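# Examining the three-dimensional arrangement
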Amino acid sequence: ENKDFLSYILRVGDINELVVPMLYFMYEGRKDPSKIGLIHICTFILLLLSGERNFCVNLNAAFTKRLPVDLPPFTGNHADLLYIVIHKLITDGPSKLDTLYDCFLTTMSNVSPYIKTFCMPAALRATNLFEMFAKRIRLLTTEHNPRYLVFCLEVFNNIIQYQYEGNPHFIYQILRRKKVFAELTEIQEQSATGAVELPAPKAEAGAEDFKPTQEWVKGWAEGLPLQPCLRIMQHLLPQLEQFCTAGNVNDETIVVDFLKTTTMVGLLPVPHPILIRKYQQNEFTSLWFTTYIWGVIYLRNQSPSYFEAQHIRLFTISYVDA
């Protein structure tokens, strides 16, 4: 990690000129098993950058390029592109990307307090991820799922607390998840008395499989940061339902325009400090980077070959018939 170089590119260049190609390679690379390493590299770089305020602010710049990929049509900024790509990687990527969910969602959380407005496609996909991780059966049977859910809630809370005025699309999508929040509140209340109904373990489960307990559920449920979202449900839903009933409104555009006129000033909890999780280098990531980069160097120097394969110990070389 070269902090001086990082500072230089954030200060002098247009960092979005780096972001767009990385997101393109990640989006396209999910279809190719040989590109998994490249996706890891791009993910770590984005996570590192998301720990810098200047990077996050620069994502507000309008995205006007046309990439040769099957992206959903949208008019928005580079943060919209980031959210749409991450959603695709999580919902339509290979299982080998599961280990990157933490990095994906941390990046989304890190940038969220600084984004002035998200377009509807990006807001929809972010709330769809929240709904996916909040499913009761998944939440109570998968060890890492509660952590992923917390990241999604942090995105919502940052937007509500710091960027409410410019994000009616996001507020609308949050309000549409009323039932999901009701279920989470129920789990939170039941966990306090150890009354959460846990799914029965599968008969074929191995001895080392994860087994949820009441103590485990209580440990994460009582810390779910639900309050800002519950507060806007309490305050805005009655207004919205009355508006839609009185005017026989069923058009999303009209609903979003109504939400633009609302305010939560004085009604929200005291704003929480902005929490940024910075990339922390460790021996495992250092070894991974070293192995990957030398692997690329080896593959790029086959004709003529500069290395004797039988002497290489850093990584394993496999030969596949064409």
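Use the structure listed above.
One structure accompanies this document, and this report is about it.

Cut-offs used in this document
Residues numbered from 1 in each chain as written. Predicted model: local features only at pLDDT ≥ 70, side-chain atom pairs only at ≥ 80, totals over all residues. Heavy atoms only, no water. Helix = DSSP H or I, 4+ residues; strand = E, 2+ residues; numbered from the N terminus. Contact = heavy atoms within 4.5 Å. Areas by Shrake-Rupley, 256 points an atom, 1.4 Å probe, with all protein chains shown as cover. Lys, Arg positive; Asp, Glu negative; His and termini not counted. Charge placed at Lys NZ, Arg CZ, Asp CG, Glu CD. Phe/Tyr/Trp six-rings, centres within 6.5 Å; stacked < 30°, edge-to-face > 60°. Buried < 20%, exposed > 50% of the residue type's maximum accessible area, 1.4 Å probe, protein only. Axes fitted to C-alpha atoms, helices over the stretch in contact; angles between N-to-C directions. Left-handed = near helix turned anticlockwise from the far one by under 90°. Salt bridge = Lys/Arg side-chain N within 4 Å of Asp/Glu carboxyl O. Core = buried A, V, L, I, M, F, W, Y, C linked by side-chain atoms within 4.5 Å. Parallel < 35°, antiparallel > 145°, perpendicular 65-115°, else oblique. Nonpolar A, V, L, I, M, F, W, Y, C, P; charged D, E, K, R; others polar.

What follows deals with the overall build of the protein. When you go through the protein residue by residue, the secondary structure sums to 15 helices and two strands. Judged by the C-alpha coordinates and their principal axes, the protein covers about 75 × 55 × 40 Å. For the protein, the proportion of contacts with a sequence separation of at least 24, taken over those separated by at least 6, is 75%. As displayed, the protein has an accessible area near 17700 Å², and 55% of this comes from carbon and sulfur atoms. Taking the 29 positively charged and 32 negatively charged side chains of the protein as two groups, their mean positions are separated by 3 Å.

The next thing to look at is the packing of aromatic side chains. One pass over the full model with this rule turns up 13 aromatic pairs. Aromatic side chains Tyr101 and Tyr148 sit 5.7 Å apart centroid to centroid with 70° between the ring planes, which places their arrangement in the edge-to-face category. With Tyr101 in helix α6 (residues 101-111) and Tyr148 in helix α9 (residues 145-162), this pair connects stretches of sequence that are 47 residues apart. Here Tyr101 matches Tyr148 in class, with each residue buried. On the basis of an interplanar angle of 10° and a centroid distance of 4.4 Å, the ring pair of Phe243 and Phe258 is categorised as stacked. Here Phe243 is found in helix α13 (residues 227-246), whereas its partner Phe258 is found in helix α14 (residues 252-260), with 15 residues between them in sequence.

The next subject is the environment of Pro73. Along the chain, the position of Pro73 falls in the loop between β1 (62-63) and β2 (76-77). With 48 residues separating them along the chain, Pro73 and Pro121 place their C-alpha atoms 8.2 Å apart.

Packed helix pairs are specified by the crossing angle of their axes together with the interaxial distance, meaning the distance between the axes. Where helix α5 (residues 78-91) contacts helix α7 (residues 120-133), the two axes come as close as 8 Å, and the packing angle between them is 35°. α5 and α7 meet at a crossing whose hand is left-handed. Together, Asp80, Tyr83, Ile84, His87, Ile90 and Thr91 of α5 and Pro121, Ala122, Arg125, Ala126, Asn128, Leu129, Met132 and Phe133 of α7 make up the contact between the two elements.

So, on to the pattern of salt bridges. All told, the structure shown has 13 salt bridges when counted by the stated rule. Asp32 serves as the salt-bridge partner of Lys35, at 3.2 Å between the closest nitrogen and oxygen. The closest approach of N and O atoms between Glu131 and Arg177, which form a salt bridge, is 3.3 Å. Here the residue Glu131 occupies a position in helix α7, and Arg177 occupies one in the loop between α10 (168-175) and α11 (178-192), the gap between them amounting to 46 residues. Assessed through its relative accessible area of 6%, Arg177 is described here as buried.

What follows covers the nonpolar core. If you look at the biggest cluster of nonpolar residues, it comprises 97 residues, and the most contacted ones within it are Phe55, Tyr83, Phe130 and Phe170. Contacts of Phe55, omitting those with residues within four sequence positions, involve Leu10, Ile15, Val19, Leu46, Leu49, Ser50 and Val111.

The next point concerns the packing of α6 against α7. Here α6 crosses α7 at 135°, and the two axes come no closer than 13 Å. One element, α6, and the other, α7, form an angle in the oblique class. Where α6 crosses over α7, the handedness of that crossing is left-handed. On the side of α6, the interface is formed by Tyr101, Leu105 and Met108, while α7 contributes Ala126, Leu129 and Phe133. By residue class, the composition of the contact of α6 with α7 is six nonpolar, no polar and no charged.

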